[in-house]
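# Breakdown of the fold
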Amino acid sequence: MLHGYIPANRFLPYLSWTDIATLENKANTVIVLPTGAIEQHGPHLPCAVDSVISSGVVGHALARLPAAIPAYAIPPITYGKSDEHLHFPGTLTLTGETLLHTILEIGESLYRAGFRKFLMVNGHGGQPQPLQMAARELRLRHGDMIIIMQDTFKVPNCAESFMDDKERQMAMHAGHAETALMLALAPDTVQMDKAVANYPPEFPCPTLSTNKPMAAWASYDFGPSGVIGDPLPSTPEQGAAILDSLAESWAQVITEVHQMTWVTRAEPAWGTGQWQGKVLDHNDAAAFLTPR
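Here goes a summary of the coordinates provided. (Residues numbered from 1 in each chain as written. Predicted model: local features only at pLDDT ≥ 70, side-chain atom pairs only at ≥ 80, totals over all residues. Heavy atoms only, no water.)

### Thoughts on the overall build of the protein chain
For the protein chain, the count of helices and strands is 8 helices and 4 strands. Taken from the N to the C terminus, the helices and strands of the protein chain come in the order α-β-α-β-α-β-α-β-α-α-α-α. The globule rule puts the C-alpha radius of gyration for 292 residues at 19 Å, and the 20 Å found for the protein chain is close to it. With respect to the principal axes defined by its C-alpha atoms, the protein chain has extents near 65 × 40 × 35 Å. Taken across its 292 residues, the protein chain has 50% of its residues classed as buried. Looking at the protein chain alone, contacts between residues at least 24 apart form 81% of all its contacts between residues at least 6 apart. Here the protein chain displays about 14,300 Å² of accessible surface, and carbon together with sulfur accounts for 57% of that area. Side-chain charges in the protein chain split into 18 positive and 29 negative, and the spacing between the mean points of these groups amounts to 9 Å. (Helix = DSSP H or I, 4+ residues; strand = E, 2+ residues; numbered from the N terminus. Rg over C-alpha atoms; globule rule 2.2 N^0.38 Å. Buried < 20%, exposed > 50% of the residue type's maximum accessible area, 1.4 Å probe, protein only. Contact = heavy atoms within 4.5 Å. Areas by Shrake-Rupley, 256 points an atom, 1.4 Å probe, with all protein chains shown as cover. Lys, Arg positive; Asp, Glu negative; His and termini not counted. Charge placed at Lys NZ, Arg CZ, Asp CG, Glu CD.)

### As for the environment of Tyr 14
By the element assignment, Tyr 14 lies in the segment before helix H1 (17–21). Here Tyr 14 falls in the partly exposed class, since its relative accessible area comes to 32%. Note: C-alpha distance between Tyr 14 and Asp 281 (267 residues apart in sequence) is 18 Å.

### Quick word on the side chain of Ser 209
Here Ser 209 lies in the loop between helix H6 (176–185) and helix H7 (236–259). In this structure Ser 209 comes out as buried when scored by relative accessible area, which is 6%. Engagement of the side chain of Ser 209 in a polar contact is seen with the backbone nitrogen of Asn 211, the distance being 3.1 Å. In contact with Ser 209, other than residues within four places in its own chain, are Phe 203 and Met 214. (Polar contact = N/O pair within 3.5 Å; in protein donor to acceptor, adjacent residues only side chain to side chain.)

### Let's talk about the packing of aromatic side chains
Evaluated as defined, the whole model comprises 3 aromatic pairs. Ring plane angle 75° and centroid distance 4.8 Å describe the contact between Phe 11 and Tyr 14, whose orientation is recorded as edge-to-face. When the centroid spacing of 5.7 Å and the interplanar angle of 40° are considered together, the rings of Trp 217 and Phe 222 count as tilted. Judged by relative accessible area, which is 14%, Phe 222 ranks as buried. Lying over the aromatic face of Phe 115, Lys 26 brings its terminal NZ or CZ to 5.9 Å of the ring centre. (Phe/Tyr/Trp six-rings, centres within 6.5 Å; stacked < 30°, edge-to-face > 60°. Lys NZ or Arg CZ within 6 Å of the ring centre and 35° of its normal.)

### Considerations on the layout of surface pockets
Here the largest pocket defines a volume of roughly 1,100 Å³. Lining the largest pocket we find 34 residues, and of these Gly 125, Phe 153, Ala 171, Met 172 and Lys 212 sit closest to its centre. For the lining of the largest pocket, the secondary structure elements donating two or more residues are helix H2 (49–64), helix H4 (128–141), helix H5 (165–170) and H6. The greatest single-element share of the lining of the largest pocket, amounting to 3 residues, is contributed by H6. Its residues placed into classes, the lining of the largest pocket shows 11 nonpolar, 13 polar and 10 charged. (1 Å grid on protein atoms, 1.4 Å probe; cavity = no way out; pocket = protein on both sides within 12 Å on 5 of 7 lines; lining within 4 Å. Points joined across faces, edges and corners; volume = space filled by probe spheres on them. Nonpolar A, V, L, I, M, F, W, Y, C, P; charged D, E, K, R; others polar.)

### Examining the pattern of salt bridges
Using the criterion set out here, one finds 8 salt bridges in the structure. Of the charged contacts in the structure, one is a salt bridge between Lys 81 and Asp 83, with a shortest N-O distance of 3.1 Å. Among the residues examined, Asp 83 registers a relative accessible area of 36% and is labelled partly exposed. A salt bridge links Glu 137 to Arg 141, with the nearest nitrogen and oxygen atoms 3.0 Å apart. Placement of the pair is Glu 137 and Arg 141 together in helix H4, with a separation of 4 residues, close to one helical turn. On the basis of relative accessible area, Glu 137 is assigned to the partly exposed category, the value being 32%. (Salt bridge = Lys/Arg side-chain N within 4 Å of Asp/Glu carboxyl O.)

### What about a nonpolar patch on the surface?
Taken together, the side chains of Trp 17, Leu 280, Phe 288 and Leu 289 present a nonpolar region at the surface, about 440 Å² in accessible area. As for its placement among the helices and strands, Leu 289 is situated in helix H8 (residues 282–289). (Patch = residues over 30% accessible without salt bridge, like charges linked within 9 Å, V, L, I, M, F, W, Y side chains within 5 Å.)

In structure tokens, the structure reads:
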């Protein structure tokens, strides 16, 4: 079914339009969008890694929420801006502009339906910028909307406890943490017998960086494997622990976003004229729900 890792009762598209129109407290209902990518992740992992991890973490987080917390996921964006992996077959990429406009139009659809809290959980490190740009533009359009974008691993989690210093400092792609999570979420897609370790060279500008490269790069710049890190020590048990810690933190984030208030701007917004019009509401839905 379409919901994948998301609990069916927390998957917004499984509701009818009348269900959505009559939801209570829509302004404080959190809508969660996992964003990922389809791109190479070395010879040992599938190209779907980023989409699987963001959707899996969101699904496990939503499953932990008490029923009193109103939150729903919408279908994940499984295609991302992945042009840094174009040298490798299996990579399917959007332009940054396409991704930005996709987020804008999803956000407008949510706003039109009455939702005011929009949380993106991003699984791909190559696309925070267009997601952040879309979030800022939505905020300019709608001064009463809260839009938050954060990467999957940018919440408290235990992933680094399983890594050595080099992996913590240098790994960027298809390394220990991603491999361990995939062993927990989709073990049938992992081929550990093909796993290899590979790191980029030390960046020769220590004032800017003591670890990861600061210059623009493509994954092929660091060798033909596509790996930037060391997946070899990864185990399913580590992956289960990382998943548990991520899900716990994201469940807390969703709870806090539901409860939070933020600055509301009452002045006219920019660029919203083309989105104004009639949207059916709870009064219209009542006409269909009244017993005949």
